Amino acid sequence: MSTYPSQSNKKIFHIVILPGDGIGPEVVAEATRFGGCSIDSTGEALTGATLQACSSADAILMGFEQQSTTRTGSFGFAKSTRSVREHPPANFASDGLLAHSPLKASVTQGVDMIVIRELIGGAYLGTRKEMGLSPREGAAWGAMIYSVSEVQRITRVAAQVTLAADPPLPIHSIDKANVLASSRLWRKVATETLLSEFPQLKLDHHFVDSASMLIVSNLSKLNGVILTENLFGNMYVGGPLPQTTCRNIAKQC
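Keep in mind the model is a prediction, meaning the values are calculated, not measured.

Cut-offs used in this document
- Residues numbered from 1 in each chain as written.
- Predicted model: local features only at pLDDT ≥ 70, side-chain atom pairs only at ≥ 80, totals over all residues.
- Heavy atoms only, no water.
- Helix = DSSP H or I, 4+ residues; strand = E, 2+ residues; numbered from the N terminus.
- Buried < 20%, exposed > 50% of the residue type's maximum accessible area, 1.4 Å probe, protein only.
- Areas by Shrake-Rupley, 256 points an atom, 1.4 Å probe, with all protein chains shown as cover.
- Core = buried A, V, L, I, M, F, W, Y, C linked by side-chain atoms within 4.5 Å.
- Contact = heavy atoms within 4.5 Å.
- Axes fitted to C-alpha atoms, helices over the stretch in contact; angles between N-to-C directions.
- Parallel < 35°, antiparallel > 145°, perpendicular 65-115°, else oblique.
- Left-handed = near helix turned anticlockwise from the far one by under 90°.
- Pairing = 2+ DSSP bridges.
- Right-handed = clockwise from strand over helix to strand, strands pointing away.
- pLDDT = per-residue confidence, 0-100.
- Salt bridge = Lys/Arg side-chain N within 4 Å of Asp/Glu carboxyl O.

(A) Representation of the overall build of the protein within the structure. Tallying secondary structure elements over the protein gives nine helices and eleven strands in all. In the protein, which comprises 253 residues, the proportion classed as buried is 41%. Counting every atom, the protein has about 13500 Å² of accessible surface; 55% of that belongs to carbon and sulfur.

(B) Broad picture of the environment of Asn-218. Mapped onto the fold, Asn-218 is located in the loop between helix 8 (208–217) and strand 10 (224–228). Sequence separation of Asn-218 and Ser-106 is 112 residues, and the distance between their C-alpha atoms is 8.2 Å.

(C) Quick look at the nonpolar core. In terms of nonpolar packing, the biggest core is built from 19 residues, with Met-113, Ile-174, Ile-215, Leu-219, Leu-222, Ile-226 and Tyr-236 touching the most fellow members. Broken down by element, this core gets its largest block of residues, four residues, from helix 8. Every residue in contact with Ile-226, bar those within four places of it in the chain, is listed here: Met-113, Ile-114, Val-115, Ile-116, His-172 and Ile-174. Val-161, Ile-171, Trp-186 and Leu-201 belong to the second-largest nonpolar core, a separate cluster that totals 18 residues.

(D) Summary view of the packing of helix 8 against helix 9 (residues 230–237). As a packed pair, helix 8 and helix 9 sit with axes 12 Å apart at the nearest point and diverge in direction by 15 degrees. Taken together, the axes of helix 8 and helix 9 lie roughly parallel to each other. You can see that helix 8 and helix 9 cross each other, and the crossing is right-handed. On helix 9, the residues touching Val-208, Ala-211, Ser-212 and Ile-215 of helix 8 are Phe-232, Met-235 and Tyr-236.

(E) Expanded view of the pairing of strand 8 (residues 171–175). Most of strand 8 sits inside the fold, with five of its five residues counted as buried. Taking every second residue as pointing to the same face, both faces of strand 8 are buried, with Ile-171, Ser-173 and Asp-175 on one and His-172 and Ile-174 on the other. Of the strand pairs in this sheet, strand 8 and strand 9 (residues 203–207) are connected by five bridges, and their pairing is parallel. Pairing of Asp-175 across the sheet is with Phe-207, part of strand 9. In this region the chain leaves strand 8, passes through helix 7 (residues 181–197) and returns to the parallel neighbour strand 9; the handedness of that crossover is right-handed.

(F) Local environment of the confidence of the model for the protein. Within the protein, residue pLDDT values average 79, and 72% of them lie at 70 or more. The spread of mean pLDDT over the elements of the protein runs between strand 1 (residues 2–6), the lowest at 47, and helix 7, the highest at 98. Per-residue pLDDT stays below 50 along residues 67–71; that stretch engages in eight contacts with residues further than four places along the chain or on separate chains. Confidence drops under a pLDDT of 50 for residues 244–250, and excluding neighbours within four residues, the segment shows 22 contacts in the predicted structure.

(G) Examining the pattern of salt bridges more closely. Scanning the entire structure with this criterion turns up four salt bridges. Asp-209 is paired through a salt bridge with Lys-176; the nearest N and O atoms lie 2.7 Å apart. Here Asp-209 is found in helix 8, whereas its partner Lys-176 is found in the loop between strand 8 and helix 7, with 33 residues between them in sequence. In this structure Asp-209 comes out as partly exposed when scored by relative accessible area, which is 40%. We classify Lys-176 as buried; its relative accessible area is 16%.

Written as structure tokens, this is what we have:
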């Protein structure tokens, strides 16, 4: 971890750099000539000193994390900084790139979407029990928990992103409300929040499985802003959607 002041005409900004692991240090080193892994030097994926530095920084440059031992650091970082993940528009700068997509060109041509993924709740950060622990040593579980305030917050972020376009983009909320209680809360709160605070915006809902079918058959039908929770967002942005990078945004909404 290191902090660097960047000179500005008006003020000095302090940027915290978190190289991560895997290819993260290599990538970040090229940008900053700095690299390293917290877990190798301290035994912790995310130290208190790192979190304190992040909380007082104006921006954070964070490298990729690959080792399973450090994924808890990534999610802990997101929760502590109250981040959401905004992936850049999924599109193709040139039709010549369509052939490099894992999907057919007929499916991906014309795609133009932004994924807004909630990062501080859901199954990745819910209560859990591993196999081999009591009670029920032969069972394991992880709870997908969401609160009203968490869904309101991420919905407002999606609304702000869509309002930045002219005309505003449609919002496609992805859930599994026919099965999951947390998704039923998600759908209800997202709908109420947009109706009461952003009535001019268009919202529709898709089950995660039917939306996945659209992704592999007619992706442009989801053009606009995809609003979804942590696990479902990870499925999409880690799969067929064209993308180059992403950024975590700390939002106070």
